[in-house]
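Remarks on the overall topology
Chain by chain, the residues run as shown.
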Amino acid sequence: PQRLGGGELSILQKALSDMKLRIRDREHQIRHDAEHDKLTDLPNRKAMEQKLAQDCAHGSRLTVIGIAIHGFKTINETLGFRLRDEALMVTGLRLRGQAPPDSMVSRTGGNEFMILTPEVDPERLESLTRAMRAHAEQVTRLNESPIRIELTMAYLTLPEDATTVDEVRRRLKL
């Protein structure tokens, strides 16, 4: 057998190290893609349901806010797919910007978003949802057209209002 010199061995070690880094980065990207909505880059339904199931199993006290874009079908039919996508991205960014710091904001369906946040007292929740709605419903210019996105919102407190992911989805009607 042929012996490798010190230079050849270090070249092979460097190549192997680089390959390991690229594999680790690719695995991270695959995990991210599996758990995030491609359009908004928010966590997707799968990621939200996993977190919610874990929180329900631990009896965590949470506030869950369900949000749907009102009249989404009309936006889709009148503005087309590209502007619909822009409306979803803007809405996601605005919701994420107004959500409390420890919250998980996710896109759970075509026109649906969900926010999981540590329990918020009723008075603060009313103020929070008002602020979120006001911010998200600001007029947006899409393709030089002013568009006002309207939201429908509902919320639950866990574990009082629901104890499983299915109960949450059913109660929020999302």
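In this text, all values refer to a predicted model and were calculated from it rather than measured experimentally.

**Quick word on the overall build of the protein**
- Broken down by element type, the protein carries 6 helices and 6 strands.
- Computed over C-alpha atoms, the radius of gyration of the protein comes to 22 Å, more than 25% over the 16 Å expected from 2.2 N^0.38 for 174 residues, which places it beyond the range of a compact globule.
- C-alpha atoms of the protein, sized along the principal axes, occupy 75 × 45 × 25 Å.
- Scored against the burial criterion, the 174 residues of the protein give a buried share of 38%.
- Here the protein displays about 10600 Å² of accessible surface, and carbon together with sulfur accounts for 52% of that area.
- Charged side chains in the protein number 27 positive and 26 negative. The centres of these two groups are separated by 4 Å.

**Regarding the sheet that holds strand S6 (residues 150-158)**
- Taken together, 4 strands build an open sheet; the order of strands is S2-S3-S1-S6 and the sheet is antiparallel. The two strands at the open ends of the sheet, each matched to only one other strand, are strand S2 (104-107) and S6. This sheet shows a mean twist of 15 degrees between the axes of neighbouring strands, independent of strand direction.
- With 4 bridges joining them, S2 and strand S3 (residues 112-118) adopt antiparallel strand pairing. Looking across to S3, one finds that Met 104 is bridged to Leu 116.
- Across the sheet, helix H5 (residues 122-136) lies against strand S1 (62-70), S3 and S6, angled at about 155 degrees from S6, the strand it touches most.
- In the packing of helix H6 (residues 165-172) onto the sheet, contacts are made with S1, S3 and S6, and the angle to S6 comes to roughly 140 degrees.

**Comments concerning the side chain of Arg 94**
- Inspection of the secondary structure puts Arg 94 in helix H4 (residues 81-98).
- No salt bridge is formed by the buried Arg 94, whose closest oppositely charged neighbour, Glu 137, lies at an N-O distance of 9.2 Å.
- If near-sequence neighbours (up to four positions away) are discounted, Arg 94 is found in contact with His 135, Ala 136, Glu 137, Gln 138, Val 139 and Thr 140.

**Considerations on the pairing of S3**
- Counting buried residues in S3 gives 6 out of 7 residues, a clear majority hidden from the surface.
- Pairing of S1 with S3 involves 7 bridges; the strand directions are antiparallel. Bridged to Ala 68 within S3 is Glu 112.
- In sequence, S2 turns back onto S3 through a hairpin of 4 residues.

**Description of unusual backbone geometry**
- Residue Pro 159 is reached from Leu 158 by a cis peptide bond, and omega for that bond is 5 degrees.
- In this model, Asp 41 sits at a positive phi of 60 degrees, which is unusual for a non-glycine residue.
- Inspection of the secondary structure assignment puts Asp 41 in the loop between helix H1 (6-35) and helix H2 (45-57).

Scoring rules and cut-offs
- Residues numbered from 1 in each chain as written.
- Predicted model: local features only at pLDDT ≥ 70, side-chain atom pairs only at ≥ 80, totals over all residues.
- Heavy atoms only, no water.
- Helix = DSSP H or I, 4+ residues; strand = E, 2+ residues; numbered from the N terminus.
- Rg over C-alpha atoms; globule rule 2.2 N^0.38 Å.
- Buried < 20%, exposed > 50% of the residue type's maximum accessible area, 1.4 Å probe, protein only.
- Areas by Shrake-Rupley, 256 points an atom, 1.4 Å probe, with all protein chains shown as cover.
- Lys, Arg positive; Asp, Glu negative; His and termini not counted.
- Charge placed at Lys NZ, Arg CZ, Asp CG, Glu CD.
- Pairing = 2+ DSSP bridges.
- Axes fitted to C-alpha atoms, helices over the stretch in contact; angles between N-to-C directions.
- Contact = heavy atoms within 4.5 Å.
- Salt bridge = Lys/Arg side-chain N within 4 Å of Asp/Glu carboxyl O.

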